[in-house]
Amino acid sequence: MVTMSVPASAEGDSAEAFVSGAVSGCPSSGAAGSSAAARSAGTLLPGSASGASRPAAPAGPSGGGCRAGTVRSAGGVPPSAAARSAGPGLSASSSLSPEESFPGGPVLSDADAATPPAFADFALGVYPFLDLRPFHRAYYRVLEAFAAGRVRRLIVTMPPQHGKSVGATTLLPAYVLGLDPDCRVAIASYSGALASKFNRRVQRILESREYAAFFPATTIKRGARPPGYIRTADEVEVVGRRGGLLSVGREGSLTGNRVDCFILDDLYKDALEANSPLVRSNCWEWYTSVVRTRMHNASRELVVFTRWHEEDLIGELLAREPVEELREWRQLDTLPPGGWLHLNFEALKTSPPTEIDPRAPGEALWEEQHGAVLLHSKRRLDPLQFEALYQGRPSSREGLLYGPHFAEYDALPREIVRRANYTDTADTGDDYLCSLSYAVDTDGVIYITDAVYSREPMEVTEPLVAGMLVRSATRQAAVESNNGGRGFARAVQARAPGVRVEWFHQSGNKEARILSNSATVLHLVRFPRGWAREWPELYAHLTTYRRLFRTNRWHDAADVVTGIVERETAGRRGGRLRDIRFV
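What counts, and where the lines are drawn
Residues numbered from 1 in each chain as written. Predicted model: local features only at pLDDT ≥ 70, side-chain atom pairs only at ≥ 80, totals over all residues. Heavy atoms only, no water. Helix = DSSP H or I, 4+ residues; strand = E, 2+ residues; numbered from the N terminus. Buried < 20%, exposed > 50% of the residue type's maximum accessible area, 1.4 Å probe, protein only. Pairing = 2+ DSSP bridges. Axes fitted to C-alpha atoms, helices over the stretch in contact; angles between N-to-C directions. Contact = heavy atoms within 4.5 Å. Expected span 1.5 Å × (residues − 1). Bend = angle between axes of the 7 residues up to and from the residue. Phe/Tyr/Trp six-rings, centres within 6.5 Å; stacked < 30°, edge-to-face > 60°. Polar contact = N/O pair within 3.5 Å; in protein donor to acceptor, adjacent residues only side chain to side chain. Salt bridge = Lys/Arg side-chain N within 4 Å of Asp/Glu carboxyl O. pLDDT = per-residue confidence, 0-100. Core = buried A, V, L, I, M, F, W, Y, C linked by side-chain atoms within 4.5 Å. Disulfide = S-S within 2.5 Å. Parallel < 35°, antiparallel > 145°, perpendicular 65-115°, else oblique.

### Remarks on the overall build of the protein
In terms of regular secondary structure, the protein is built from 21 helices and 19 strands. Burial status across the protein gives 57% buried among its 583 residues.

Structure follows, in structure tokens:
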């Protein structure tokens, strides 16, 4: 029997909520003597029935900067088979037989030993308790391309507690040092204490027997041996090589340190810091004057954190440098020199499916841990913060067109002179159909009474809109004919014969119309109290709509409230509406 020990996760791992089952009391695995012996005469693979060993990988070149390795999925049976066989929640005392650890075979061949493992296999090999969902595997595939040097500048945005730091700041540095022990890796975070915590996690992996099975040439100091090498909470050196790991807090010094691979994780502690112009300015200045000055032509950068503000470090990079959204796997090998690749995982899928994230709209990223019901409840509490933290689309409250300033009503006034509807059909498959029924009082105040806001196809939305028109006692409905609206209007007319349905062509510039009418919209339009719960997507898209037109993903809701105001104020000369007749 061979005992597999699991490297201890550092304090705070529970914040990532990234383990399936409880993992407690996991000591740093591997005594100094046993692992040193393994490295001196070759590494004994865990679960090897025959006791066969494989020699340590030859040392890489001693000169120059960081060397990017070529990473391919490991042939044969990867060590991660042990993790998959063990299942989630493997504790430090779990003992596995050779057959249980490697059901496909006990040892790797010499050819396999020369092939670096895939990053996901490595992760499961050193952290068998990981619960990798499909999005984790996609994320790890991108990190693997970064480790191999195929992508040199990478931005990753992900919701809280979805495993971003476990992958990027705990496992990735160990993997990079395994591929190239001469690489100088640096980790930066909002505080030196957090950066040191990441460093200690990586060190526990580097000294484990599981890690030695993958990368026997990468070792660090144990106790006082060997002398002459650094190992502290903030810095560790690879024995016999030029590489190492350095951690630093935001605005900390890196004087005299060359950096081949820089990982910046969570540079803002919370919303209070991210919303401070002074903190954001200091962070940008530190990035340009410290981080960038420590890098060279072949250096790599990974920026990974949850978004808080549109002018955070990622926002500045998006505004100042070329950035491609990662949608296809081929982009990992076609990124122009100097460009950034941006991977954004939305907590609730709203964008069209891609090769990287094939979820359908509305699906949660990690349903088992943070389901759609829970996410919708969080969005209702604060749509603006939800868009930033969970969707990766921050907006400053100062830059919003409407914000949370729509007036609400409890009951309709007694004097209603008009009941109507305005509908804008979807432009593309990613757009929403927005249909709002409303009532107008004698003062021209507009009361929204019902809504359909959906990306479903027309065969679904046609009966929904027709039913709403009948239910809300609408007398007249206007449908924009620009995008198949004429056919939609005819279909709705057939389902609601008591409503006069007309179509018209909207020729005005959308941006100019929305921006110029925004003050009138806030002045005249009222929504029923509790509309954030009744129509959460409509509420979110209106209250987070930005003044900078091109930064908005969807214009459908803003376009419709603008169209309603335009129709109801046209021809009015400030007097009260006394009567209206329908032909």
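Back to the text.
### Some words on the sheet that holds strand S19 (residues 525-528)
Spatially, the 7 strands line up as an open sheet ordered S13-S19-S16-S15-S14-S17-S18, and their pairing is mixed. Unpaired on one side and paired on the other, strand S13 (407-409) and strand S18 (500-504) mark the two borders of the sheet. Within this sheet the neighbouring strands show an average axis-to-axis angle of 30°, counted without direction. In this fold helix H16 (residues 485-495) packs onto strand S14 (416-424), strand S15 (433-441), strand S17 (476-480) and S18, with an angle of close to 175° to the strand it touches most, S18.

### A few points about the sheet that holds strand S6 (residues 184-189)
Strand order in this open sheet of 8 strands is S7-S8-S6-S9-S10-S5-S12-S11, and the pairing throughout is mixed. The strands lining the two open edges of the sheet, one partner per strand, are strand S7 (235-237) and strand S11 (323-325). Strand-to-strand twist across the sheet, computed as the mean angle between neighbouring axes with direction ignored, equals 15°. Lying over the sheet, helix H6 (residues 134-147) contacts strand S5 (153-157), strand S9 (261-265), strand S10 (300-304) and strand S12 (340-344), oriented at roughly 155° with respect to S10.

### Concerning helix H7 (residues 164-179)
For H7, built from 16 residues, the straight-helix expectation of 22 Å at 1.5 Å per residue is met to within 8% by its first-to-last C-alpha distance of 21 Å. Roughly 45° is the biggest bend found in H7, and it falls at Leu172, with proline Pro173 one to four residues downstream. Of all the 16 residues making up H7, 16 are buried; the element is thus mostly covered by neighbouring parts of the structure.

### Concerning the packing of aromatic side chains
Enumeration over the complete set of coordinates arrives at 27 aromatic pairs. Taken together, a centroid distance of 5.3 Å and an interplanar angle of 85° make the contact between Phe406 and Phe527 edge-to-face. Here Phe406 is found in the loop between helix H14 (383-389) and S13, whereas its partner Phe527 is found in strand S19, with 121 residues between them in sequence. Plain terms: the ring middles of Tyr432 and Trp554 are 5.7 Å apart, the flat faces sit at 85° to each other, and that makes the pair edge-to-face. Taken as a pair, Tyr432 in the loop between S14 and S15 and Trp554 in the loop between helix H20 (536-543) and helix H21 (556-569) lie far apart in primary sequence, 122 residues in all. The same class applies to Tyr432 as to Trp554, namely buried. Here the aromatic cluster, defined as three or more aromatic residues joined through ring pairs, consists of Phe119, Phe122, Tyr139, Tyr140, Tyr175, Tyr211, Phe214 and Phe215.

### Some words on the pairing of S15
Counting buried residues in S15 gives 9 out of 9 residues, a clear majority hidden from the surface. The alternating pattern of S15 places Leu433, Ser435, Ser437, Ala439 and Asp441 and Cys434, Leu436, Tyr438 and Val440 on opposite faces, both of which are buried. Bridge analysis of S14 against S15 gives 8 bridges, and the strand direction is antiparallel. The partner of Ala420 across the bridge, within S15, is Tyr438. Where S15 meets strand S16 (residues 446-454), 8 bridges bridge the pair, whose relative direction is antiparallel.

### Focus: the environment of Arg546
Tracing the backbone through its elements, the reader meets Arg546 in the loop between H20 and H21. Residue Arg546 is classed as buried on the basis of its relative accessible area of 13%. Spatially, the C-alpha atoms of Arg546 and Leu401 are 5.1 Å apart, while their sequence positions differ by 145 residues. A distance of 2.8 Å separates the side chain of Arg546 from the backbone oxygen of Pro394, its partner in a polar contact.

### Things to note about the side chain of Asn199
By secondary structure assignment, the location of Asn199 is in helix H8 (residues 192-206). In terms of polar contacts, Asn199 uses its side chain to reach the backbone carbonyl oxygen of Asp234, at 3.0 Å. In this view, Asn199 contacts Ala233, Asp234, Glu235, Val236, Leu245, Leu246 and Ser247; residues no more than four positions away in its chain are not counted.

### Quick look at the pattern of salt bridges
Tallied over the full model, the rule gives 30 salt bridges. With a shortest N-O distance of 3.0 Å, Lys164 and Asp266 are connected by a salt bridge. Residue Lys164 is found in helix H7, and its partner Asp266 is found in the loop between S9 and helix H10 (271-274); the two are separated by 102 residues along the sequence. In terms of burial, Lys164 and Asp266 fall into one category: buried. Measuring nitrogen to oxygen at the nearest pair gives 3.5 Å for the salt bridge that ties Asp357 to Lys349. Using a relative accessible area of 3% as the deciding quantity, one classes Lys349 as buried.

### Digging into the confidence of the model for the protein
Across the protein, the average pLDDT comes to 80, with 77% of residues at 70 or higher. Confidence, read as mean pLDDT per element, is least for strand S2 (residues 43-44) in the protein (32) and greatest for H6 (97). Low pLDDT, under 50, characterises residues 1-65; the stretch is placed with 159 contacts to residues that sit more than four places away or in other chains. Counted against residues more than four places away or in other chains, residues 69-113, with its pLDDT under 50, gives 97 contacts.

### Considerations on the nonpolar core
With 61 residues, the main nonpolar core has Phe122, Leu130, Tyr139, Tyr140, Leu171 and Leu302 as its most contacted residues. Cys434, Leu524, Trp535 and Ile564 belong to the second-largest nonpolar core, a separate cluster that totals 36 residues.

### Remarks on the state of the cysteines
Note: disulfide means a covalent bond formed between the sulfur atoms of two cysteine side chains. Summed over the entire model, instances satisfying the criterion amount to 0 disulfides. Left without a disulfide partner, Cys261 is nearest to the cysteine sulfur of Cys183, which lies 5.4 Å away.

### Topic: the environment of Glu325
As for its position among the elements, Glu325 is in strand S11. Accessibility expressed as a relative area gives 31% for Glu325, which makes it partly exposed. The spatial distance from the C-alpha of Glu325 to the C-alpha of Leu343 is 6.3 Å, given a sequence separation of 18 residues. Here Glu325 is in contact with Gln331 and His342, once residues within four sequence places are set aside.

### Overview of H20
Within H20, 7 of the 8 residues are buried, leaving the element largely enclosed by the surrounding structure. Restricting attention to buried positions, one finds in H20 the residues Pro536, Leu538, Tyr539, Ala540, His541, Leu542 and Thr543.

### Some details on the packing of helix H5 (residues 119-126) against H6
Closest axis-to-axis distance for the H5/H6 pair is 8 Å, and the angle between their directions is 110°. With respect to H6, the axis of H5 lies roughly perpendicular. Each of Phe119, Ala120, Ala123 and Leu124 in H5 lies in contact with H6, whose residues at this interface are Arg137, Tyr140, Leu143 and Glu144.

### Some remarks on the environment of Pro383
Residue placement: Pro383 occurs in helix H14. Distance from Pro383 to Gly403, taken between C-alpha atoms, is 10.0 Å for residues 20 residues apart in sequence. If sequence neighbours within four positions are ignored, Pro383 has contacts with Tyr539, Ala540, Thr543 and Thr544.

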